[in-house]
Amino acid sequence: MPLAEAGTLGAEEPLSPLARQRTQEQTPKDNPSMSYVSEKAERRAVFGKQVKVLLTPLSMEEEKRNKRLPQKRLLEKFSSTEGPSEREPKVKKSHDDPTSQQIRDVSYKASSSPQGVIPSMSSLHHKSRMVSPTNASVTVDHDSENNWDTDSEGSNSDVSYVDGSSQLSAYERKRLKNITENANFFASLKLLESAARLRKMATKGQSHGIKRAKPKKTEAETVRRRSMRLQRVDPSGVPLPEIPAQPEPVIDEYPQLPPGPLPMVPTNQNKSSELTDGFLDTWTKISQNSKSEDGVYVFIPHSQPVSCMYFSPFNPVHLLSLSHDGTVRCGDVTRAIFEEVYRSEEKRFSSFDFLANNASTLVVGQWDGDVAIVDRRTPGTSSELTANINSKTTRTVHVHPVNRQYFIAAGAVNVCIFDTRYLKPNENKPISFLSGHTKSVASAYFSPITGNRVVTTCADDMLRVYDTSSLSSTVPVLTAVRHNNNTGRWLTRFRAIWDPKQEDCFVVGSMARPRQIEIFQDTGEQLHSFYNVDYLGSVCSINAVHPTKNILVGGNSSGRLHVFKD
């Protein structure tokens with residue numbers, strides 16, 4: 001911290017003979033008080049001729065050092081109750097007066113009273129170099145303009161030497177008193193001792209982070225006692241022979257059924273039961289257009305869920321079923337067997353439809369997007385053709401009711417119509433596109449009588465009706481109906497189907513409450529809703545309409561059927 005440089009001030013400076021003579025000449029002899037005033041003024045005049053005040057600017061390094069004054073030094077500065085520092089003052093000669101006395105550098109500390117902070121006039125006569133509380137730097141020459149006259153207060157007067165010209169105000173005296181009291185208060189808190197104690201604790205805490213090498217376990221540790229059975233020794237101490245490990249059996253959730261025909265025997269009945277024979281007789285009567293059937297019988301011709309079933313339009317005693325297990329079977333009541341029509345070890349099937357009127361050939365959709373043309377007259381794994389139709393997946397296939405060489409495939413965003421006469425294993429192009437879908441399509445079906453309409457159910461919550469009276473490259477949309485098709489992942493997706501008795505009405509399940517089944521016209525108008533608050537409390541995802549009677553059946557994902565009729 002820079003210190004003020006000042007010349008040494010004496011208690012009383014003697015007047016020169018010339019000055020004394022001038023004083024005697026100018027002072028009246030009959031007035032002693034005037035003589036004293038004149039002499040004092042003369043002395044001031046003499047001092048005024050030789051005064052020189054030098055202001056020493058603070059260096060930038062000193063200012064930075066003062067700003068970074070640590071808390072410890074700040075507390076030490078204001079916590080001491082002693083007087084001026086007892087350090088040895090630094091001696092420096094004045095640059096203006098070579099004969100001036102040496103100046104001493106004195107640093108003051110705050111004390112418990114204002115007198116310990118503010119120097120008195122008597123101390124100024126003995127200590128010529130001082131530092132103001134505001135860290136101002138003032139250099140005063142030996143012949144200073146300030147004569148430092150003592151007044152009536154003597155050594156108890158407060159002096160401000162920030163600018164070397166004025167005394168301390170009441171505000172500054174109060175400020176210095178507050179500084180002293182604050183310093184004493186901080187000293188009583190013993191912050192330095194607390195900081196040192198915290199540093200010591202932090203140093204100890206760091207030592208815990210050192211990883212120590214774990215001592216190695218000695219070999220002479222006590223061995224835990226084990227029974228002879230666990231040690232695999234007999235009571236005499238002879239080791240028992242090792243038992244070879246047995247591989248755990250792999251349980252297939254859906255075991256494959258053997259290829260070939262399966263006997264038509266209900267699993268919930270005895271093979272030699274009279275009910276079985278009665279059931280077969282009843283089935284035979286059904287095939288002969290009999291009106292009776294009663295009882296429930298369970299057959300398992302597939303190892304995985306069945307996704308599609310149709311009675312043969314040519315022979316009503318044949319019931320064809322398709323399963324996710326990669327098989328298509330035909331249940332023949334007359335022979336009491338489930339004949340295997342088509343089988344694939346690699347593919348998984350999604351749907352099928354009859355190509356020929358005599359139901360001799362089938363078109364089978366596969367989940368990987370391909371389609372297969374199957375001839376029932378060559379049962380087993382044989383198929384006429386497996387064609388790639390450039391689709392990610394195929395959910396439904398449906399044959400045109402009049403021109404049976406055409407079929408429609410749905411599953412991806414675009415629904416397409418193909419001609420089986422031009423199918424080949426790869427690079428197949430459709431003859432018509434049904435565009436406009438923005439998400440995957442759950443189903444697409446031709447109208448039952450003419451095939452001039454196609455209704456699609458899309459995951460974008462729309463039901464669309466297309467005009468397929470002319471199979472051009474692009475098929476126009478006749479109607480688009482907003483419909484909630486979001487059934488979720490645990491329910492079967494909705495599939496809008498046509499009423500087989502008429503050309504312009506289709507049926508679809510509904511997510512509305514109360515639960516219901518809805519009927520729409522091809523113009524988009526809703527014709528009717530079937531519901532029953534007491535009995536129908538679930539979503540009917542799969543629906544079927546009787547081909548000749550006014551009977552509607554809706555099924556939920558749990559296998560429960562709801563029948564509506566006139």
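Residues numbered from 1 in each chain as written. Predicted model: local features only at pLDDT ≥ 70, side-chain atom pairs only at ≥ 80, totals over all residues. Heavy atoms only, no water.

Some details on the overall build of the protein
Helix and strand content of the protein: 8 helices and 28 strands. Here the protein holds 566 residues, and 37% of them are scored as buried. Accessible area for the protein stands at about 35600 Å²; split by element, carbon and sulfur atoms hold 53% of it. (Helix = DSSP H or I, 4+ residues; strand = E, 2+ residues; numbered from the N terminus. Buried < 20%, exposed > 50% of the residue type's maximum accessible area, 1.4 Å probe, protein only. Areas by Shrake-Rupley, 256 points an atom, 1.4 Å probe, with all protein chains shown as cover.)

Comments concerning helix α6 (residues 170-189)
With 20 residues, α6 extends 29 Å from end C-alpha to end C-alpha; this agrees with the ideal 28 Å at 1.5 Å per step. Looking one or two residues past α6, K190 carries a phi angle of roughly 55°, positive in sign. (Expected span 1.5 Å × (residues − 1).)

A short note on the nonpolar core
One finds L463, F506 and V507 to be the most contacted residues of the largest nonpolar core, which totals 22 residues. Elements that contribute at least two residues to this core include exactly β20 (462-467), β22 (497-498), β23 (505-509) and β24 (517-521). In terms of residue count, β23 provides more of this core than any other element does, 4 residues in total. Setting aside residues no more than four positions away along its own chain, V507 makes contact with R495, A496, I497, I517, E518, I519, N543, V545 and L552. Core analysis: the second largest hydrophobic core is formed by 15 residues, L322, Y342, F354 and L362 among them. (Core = buried A, V, L, I, M, F, W, Y, C linked by side-chain atoms within 4.5 Å. Contact = heavy atoms within 4.5 Å.)

Examining the pairing of strand β12 (residues 371-375)
The element β12 is extensively covered by neighbouring structure, given that 5 of its 5 residues are classed as buried. Residues V371, I373 and D375 point to one face of β12 and A372 and V374 to the other, with burial holding for every one of them. Summarising the sheet, strand β11 (residues 361-366) and β12 pair through 5 bridges and their orientation is antiparallel. The residue bridging L362 from the neighbouring strand is V374, located in β12. Hairpin remark: β11 followed by β12, antiparallel, with 4 residues in the connecting loop; positive phi at G369, about 105°. The pairing of β12 with strand β13 (residues 385-387) spans 3 bridges and is classified as antiparallel. Residue pairing in the sheet places I373 in a bridge with L385 of β13. (Pairing = 2+ DSSP bridges.)

Observations regarding the sheet that holds strand β28 (residues 561-565)
The sheet built from 3 strands is open, its strands ordered β26-β27-β28 with antiparallel pairing. Each edge of the open sheet carries a strand with a single partner, namely β26 (542-545) and β28. With direction set aside, neighbouring strand axes in the sheet form an average angle of 15°. Relative to β28, strand β27 (residues 551-555) runs antiparallel, the two sharing 5 bridges. When the sheet's bridge partners are listed, V553 is paired in β28 with V563. (Axes fitted to C-alpha atoms, helices over the stretch in contact; angles between N-to-C directions.)

Details of the sheet that holds strand β7 (residues 318-323)
If you trace the 5 strands from one edge of the open sheet to the other, you get β5-β9-β8-β7-β6, paired in antiparallel fashion. The open sheet has two edge strands with one neighbour each: β5 (262-263) and β6 (306-311). Relative to β7, β6 runs antiparallel, the two being bridged by 5 bridges. By the bridge assignment for β7, F311 is matched with L319.

Concerning the pairing of strand β16 (residues 415-419)
Here β16 lies mainly inside the structure; 5 of its 5 residues are buried. In β16, alternate side chains face the same way, and those of V415, I417 and D419 on one face and C416 and F418 on the other are all buried. As judged from the 4 bridges shared by strand β15 (residues 406-410) and β16, these two strands associate in the antiparallel manner. Its bridge partner being in β16, A409 is matched across the sheet by C416. Where β15 folds back on β16, the antiparallel hairpin that results is connected by 4 residues, among which G411 adopts a positive phi of roughly 160°.

Some remarks on the confidence of the model for the protein
Taken over all residues, the pLDDT of the protein has a mean of 74, while the share at 70 or more is 60%. Within the model, pLDDT remains below 50 along residues 1-13, and this stretch shows 45 contacts once partners closer than five positions in the same chain are excluded. Here residues 45-51 is a poorly scored stretch, pLDDT under 50, and it has 11 contacts once near neighbours within four places are set aside; other chains count. (pLDDT = per-residue confidence, 0-100.)

Some words on the packing of aromatic side chains
Within this structure, the stated rule accounts for 10 aromatic pairs. Judged by centre distance (5.4 Å) and plane angle (80°), the rings of Y310 and F352 are edge-to-face. Linking Y310 in strand β6 with F352 in strand β10 (residues 349-354), this pair joins segments that are 42 residues apart in sequence. Aromatic side chains F407 and F418 sit 5.8 Å apart centroid to centroid with 25° between the ring planes, which places their arrangement in the stacked category. Separated by 11 residues along the polypeptide, F407 in strand β15 and F418 in strand β16 bring together distant segments of the chain. Residues F407 and F418 agree in their burial class; the two are buried. Put simply, the rings of Y310, F352 and F354 pair up and form one aromatic cluster. Of note, R489 hangs over the ring of W490, and the distance from its end group to the ring centre comes to 4.6 Å. (Phe/Tyr/Trp six-rings, centres within 6.5 Å; stacked < 30°, edge-to-face > 60°. Lys NZ or Arg CZ within 6 Å of the ring centre and 35° of its normal.)

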